[in-house]
Amino acid sequence: MKSIQIAAIDHMPWLEYRHALSNGRVCIRLRTAADEFDEVTLYHACNYGSGDPWTRAQSVKMARMWRDGAHEVWQAVFLPGDPRLVYWFVLRAEGVCLLHDADGTRAVPEGMAGVSCFHFAHAYPAREKPQWARGCVGYQIFPDRFRRVDVPDEEPVEPWGSRRVANEYRFGGNLKGILEAVPYLRALGVGVVYMTPIFLSDTSHRYNTFDYYRIDPLLGSKDDLKALADALHEAGIRIVLDGVFNHCGLGFAPFRDAREKGEASPYYDWFFFGEQYPCGYMTFGESWAYMPKLNMQNPDCAAYFLEVGRYWLREAHVDGWRLDVSPEVYPDFWRRFRRAVLETNPDAIMIAECWDDSREWCTVGDMFDGTMHYVLSGAIWKFFAERSWTLRQFDEGVNRAMMLYPQEVQNTMWNFLSSHDTARMLTRCGGNLARMRAAAFFQMTHPGVPVIYYGDELAMRGGPDPDCRRSMTWDKAGSSRMLAYYQKLTRMRNDLRVLREGTLITHEVGKDGLYAYKRCGQDAGGQTALCVLNTSDARIQRTLLLPDELKGVRALRDAFSGRRLPVHGGCVMLSLAAGEGCVLVEEE
């Protein structure tokens, strides 16, 4: 009889393991040790039917989905006859048949009598994510360094291209400059623009906000923001603002009042004053005295920022918020903020800035639609840039990331190669363009929203913050081969629904560096695409065995290059240069 790791069998009746989808279907997952079971079956029944549940249960074969070095995840997605469910699992391997229910794991009882069911009291459908936010191409702008036009002569700004990029140096990038770049963004295939903070401040990054109702005059005015939002919408592009509600700047009027008057100030409890803090009050980070932390447990403070959230959606026609340092803010504030945002614009989104496992913030759907997916970014950096991981380790990291969230959350995760807080990807890659292109290919063929950090498409370089915030190299836009490559990637992504909304399942992890993964799923309209990427530093030329969904066709089309690839014996012949990829779909 086969030896089984019983302790590795795991199901938690919550979060990513069990949830309802927006169309009423239910998704249930089970984790086991890798390569132990041949088949897993989910049994489910209505909680209120007559007779014992095991006498009237329906069965669903679970699909083997994702695996890391130690575990694999099985998944069943089905439409229940009644949303009030009970369920359990039966696992089979050679000579082994086990029951896993609320009491644990044991041999299957005769006739399944005495099953202790998991309960899903009522599988209420999740709120549907906005269609525009699912898998579109994103673009992050650091406004001070992106583009500038009509800067007043009296403004003391740095020359464009200056290497003095510290926070105290301002370059004068503005909203009119971004407006002028709308045709460029449209040609790049962008579907949503995210701007870092634009409100009144005395730094180039503006994360130390002085006035949440006033746009920094160096950037422009409320009318300029409205004009930009309207122009982007006309071009089919949405716009998301950066909400910094964890902390403010020293010039924020309530903080000035509280600091001056102490406990006599009505704003004193908007902050965390105390002798235990080096500067007399809690700050963002350990010692950044110029960014006092806000107290969202104070009802007046929370009410102020709830109205800030509503105001800019209402007055400037923006489409959502990216929320800074979200895990450090009082969680119930985010639940209230989400309700306020959706009451103002039901089609808006909220994206968290969480660098770690974000299930607490994203899975239930009562706070955020997704997060900046730095868990995935970390895997990309370790493999494509640092080469500190093998391809096998990278695939395990990708699979672990896929295990974390429901598919509908995966569709709205923001996936970055670089950001204003990190070294640029090309610099991480040591200037190796092939590795940069390979990472961009993976980013553009992964579930979620691939967000381009301004200038990465022009092969800009930059070290850690603040060097990653250099001014945009517009002089290279007319001749950049990297820009043409990005445009080709985004065109393919925008044309293929399966790349925007389907799941990801590993197909092959080659010892030669060939990495193949399927994009597929019910949310993808039934289509299957096989993404193949040469992650090595040398050309790969060999046959590739196709997945079952594509074996029986006469020929495949590479959606990236347009080439036709004949299928022989369930295989195709591939020749890929270092960093080159292809996306194989059934020939029309």
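Everything here concerns the structure above.
Please read these numbers as outputs of a predicted model, since none were measured by experiment.

1. What to know about the packing of helix H12 (residues 433-444) against helix H13 (residues 481-495)
Okay, so step 1: At a minimum axis distance of 10 Å, the contact between H12 and H13 shows a crossing angle of 20°. As far as their axial angle goes, H13 and H12 are roughly parallel. Here the hand of the crossing between H12 and H13 comes out right-handed. From H12, Leu 433, Met 436, Arg 437, Ala 440, Phe 441, Gln 443 and Met 444 reach across to H13, where they touch Met 482, Tyr 485, Tyr 486, Leu 489, Thr 490 and Arg 493.
Okay, so step 2: Taken together, the residues that form the contact of H12 with H13 break down as nine nonpolar, two polar and two charged.

2. Let's talk about the packing of helix H8 (residues 374-385) against H12
Okay, so step 1: As a packed pair, H8 and H12 sit with axes 10 Å apart at the nearest point and diverge in direction by 150°. Taken as axis vectors, H8 and H12 run roughly antiparallel relative to one another. Where H8 crosses over H12, the handedness of that crossing is right-handed. Judged by residue contacts, Leu 376, Ile 380, Phe 384 and Ala 385 of H8 engage Arg 435, Ala 438, Ala 439 and Phe 442 from H12.
Okay, so step 2: Class assignment of the residues belonging to the contact of H8 with H12 gives a composition of seven nonpolar, no polar and one charged.

3. Regarding empty space enclosed by the protein
Think of a ball as big as a water molecule: rolled over the atoms, this probe shows where empty space is left.
Okay, so step 1: Taken as a whole and assessed by the stated rule, the structure comprises one cavity of 30 Å³ or more.
Okay, so step 2: Empty space within the largest cavity amounts to approximately 40 Å³.

4. Examining the pattern of salt bridges
A side chain of one charge can pair with a side chain of the opposite charge if their charged atoms are brought near each other.
Okay, so step 1: Counted under the stated rule, the structure contains 44 salt bridges.
Okay, so step 2: The partner of Asp 319 in a salt bridge is Arg 238, and the shortest N-O contact between them spans 3.4 Å. Separated by 81 residues along the polypeptide, Asp 319 in the loop between helix H5 (299-316) and strand S16 (320-323) and Arg 238 in strand S15 (residues 238-243) bring together distant segments of the chain.
Okay, so step 3: Residue classification places Asp 319 among the buried residues on the basis of a relative accessible area of 3%.
Okay, so step 4: Arg 314 is the salt-bridge partner of Glu 315, the closest N and O atoms lying 3.5 Å from each other.
Okay, so step 5: Looking at Glu 315, the relative accessible area reads 26%, which means it is partly exposed.
Okay, so step 6: Relative accessible area serves as the criterion here: at 40%, Arg 314 is assigned to the partly exposed category.
Okay, so step 7: What you see here is one network of salt bridges that share partners, running through Lys 222, Glu 307, Arg 310, Arg 314 and Glu 315.

Criteria and thresholds
Think of each chain on its own: its residues are numbered from 1, step by step along the sequence as written. At least 70 in pLDDT is required for a residue's local features to be given in this predicted model, at least 80 for side-chain atom pairs to be given and counted, and no such filter applies to totals for whole chains, interfaces and linings, which use all residues. For side-chain calculations, the full set of non-hydrogen atoms in the structure is used, while hydrogens and water are omitted. Only C-alpha atoms enter the line fits that serve as axes; for helices the fit covers just the stretch in contact. Angles between N-to-C directions range over 0 to 180 degrees. We count a stretch as a helix when DSSP gives it H or I for four or more residues in a row; a strand needs E for two or more, and each element gets its number in order from the N terminus. In this scheme, roughly parallel covers angles under 35 degrees and roughly antiparallel covers those over 145, while 65 to 115 is roughly perpendicular and the rest are oblique. Crossing handedness is read from the near helix: turned anticlockwise from the far helix by less than a right angle, it gives a left-handed crossing, and turned clockwise, a right-handed one. Residue contacts are defined here by distance: any two heavy atoms, one from each residue, within 4.5 Å place the two residues in contact. Throughout, the ten residues Ala, Val, Leu, Ile, Met, Phe, Trp, Tyr, Cys and Pro are labelled nonpolar, Asp, Glu, Lys and Arg are labelled charged, and all others, Gly among them, are labelled polar. Grid points spaced at 1 Å and placed over the protein atoms alone form the basis of the search, with a cavity being a set where a 1.4 Å probe fits but cannot get out and a pocket an open set showing protein on both sides within 12 Å along at least five of seven lines. Lining residues have an atom within 4 Å of a point. Grid points are joined across faces, edges and corners, and a volume is the space filled by probe spheres set on the points. Take a side-chain nitrogen of Lys or Arg and a carboxyl oxygen of Asp or Glu: if they are within 4 Å of each other, that pair is a salt bridge. Burial classes: relative accessible area under 20% of the type maximum marks a residue as buried, over 50% as exposed, and values in between as partly exposed (1.4 Å probe, protein chains only).

Any functional reading would require information that these geometric values do not contain.
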